[in-house]
Amino acid sequence: MAELFSEEWMQSFKEQWNAEPELSDALAKIDFNSVIGYGFPGEDTPRGVITIEDGKATAAGAYSGEKMNWDLRASPDQWTKWMSKPPGMMGLGAAFTTGKIKFVVGDYKGMLKDPRMAGPFIKSFSVMGRA
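Residues numbered from 1 in each chain as written. Predicted model: local features only at pLDDT ≥ 70, side-chain atom pairs only at ≥ 80, totals over all residues. Heavy atoms only, no water.

## Re the pairing of strand S1 (residues 34-39)
Part 1: With respect to burial, S1 is a largely interior element, 6 of its 6 residues being buried.
Part 2: Side chains Ser34, Ile36 and Tyr38 project from S1 onto one buried face, and the interleaved Val35, Gly37 and Gly39 project onto a second face that is buried too.
Part 3: Sheet topology places S1 next to strand S2 (residues 48-53); 5 bridges connect them, and they run antiparallel. The residue of S2 that forms the bridge with Ile36 is Ile50. (Buried < 20%, exposed > 50% of the residue type's maximum accessible area, 1.4 Å probe, protein only. Helix = DSSP H or I, 4+ residues; strand = E, 2+ residues; numbered from the N terminus. Pairing = 2+ DSSP bridges.)

Right, dumping it as structure tokens:
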């Protein structure tokens, strides 16, 4: 398996994202467009980034200065745990409250209040596990 959030890993994540209707098709229905960064707490920038246009991943790779709509951070162990056993809404809420996941950029509360975004967000963790 490629190193988490490396160029190779992000390319695989992009392919898996587009292959998952509960993620890409669901977000296409709401015209979701975002640049999403992923990384670890305490680092200045995310390690990987994925660009989503109308729900579909159109670019992915190592972070290189892109302006992000979302920047998600968690420890490597936490990411690995969620990829093998994705959190539900309650687990994700607890992780946010306890600081296990940090949103450096992005409106976590707004996203959770919109089930059209929250469901696909939860699904993205299982998709990560396939990358």
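## Some remarks on the packing of aromatic side chains
Part 1: By the definition in use, this model includes 17 aromatic pairs.
Part 2: Both rings, one in Trp82 and one in Phe125, keep their centres 5.3 Å apart while their planes meet at 65°; by these two values the pair is edge-to-face. Of this pair, Trp82 sits in helix H3 (residues 76-84) while Phe125 sits in helix H6 (residues 115-128), and the two are 43 residues apart along the sequence.
Part 3: Judged by its relative accessible area of 1%, Phe125 falls in the buried class. (Phe/Tyr/Trp six-rings, centres within 6.5 Å; stacked < 30°, edge-to-face > 60°.)

## A few points about the pattern of salt bridges
Part 1: Evaluation of the coordinates by the stated rule reveals 6 salt bridges.
Part 2: In this structure, the salt-bridge partner of Arg130 is Glu20, at a minimum N-O distance of 2.9 Å. Of the two residues, Arg130 is situated in the segment after H6 and Glu20 in the loop between helix H1 (7-19) and helix H2 (24-28); the sequence distance between them amounts to 110 residues.
Part 3: By relative accessible area, which is 39% here, Arg130 ends up partly exposed.
Part 4: Classification of Glu20 as buried rests on a relative accessible area of 9%.
Part 5: Between Lys56 and Asp25 there is a salt bridge whose closest N-O contact spans 2.9 Å. Separated by 31 residues along the polypeptide, Lys56 in strand S3 (residues 56-62) and Asp25 in helix H2 bring together distant segments of the chain. (Salt bridge = Lys/Arg side-chain N within 4 Å of Asp/Glu carboxyl O.)

## Details of the sheet that holds S3
Part 1: Read from one edge to the other, the open sheet built from 5 strands follows the order S3-S2-S1-S4-S5, with strand pairing classed as mixed. Looking at the sheet topology across the chains shown, the edges are occupied by S3 and strand S5 (102-105). If you compare each strand with its neighbour and ignore which way they point, the axes differ by 20° on average.
Part 2: As paired elements, S2 and S3 share 6 bridges and run antiparallel to each other. Across the sheet, residue Val49 finds its bridge partner in S3, namely Gly61. (Axes fitted to C-alpha atoms, helices over the stretch in contact; angles between N-to-C directions.)

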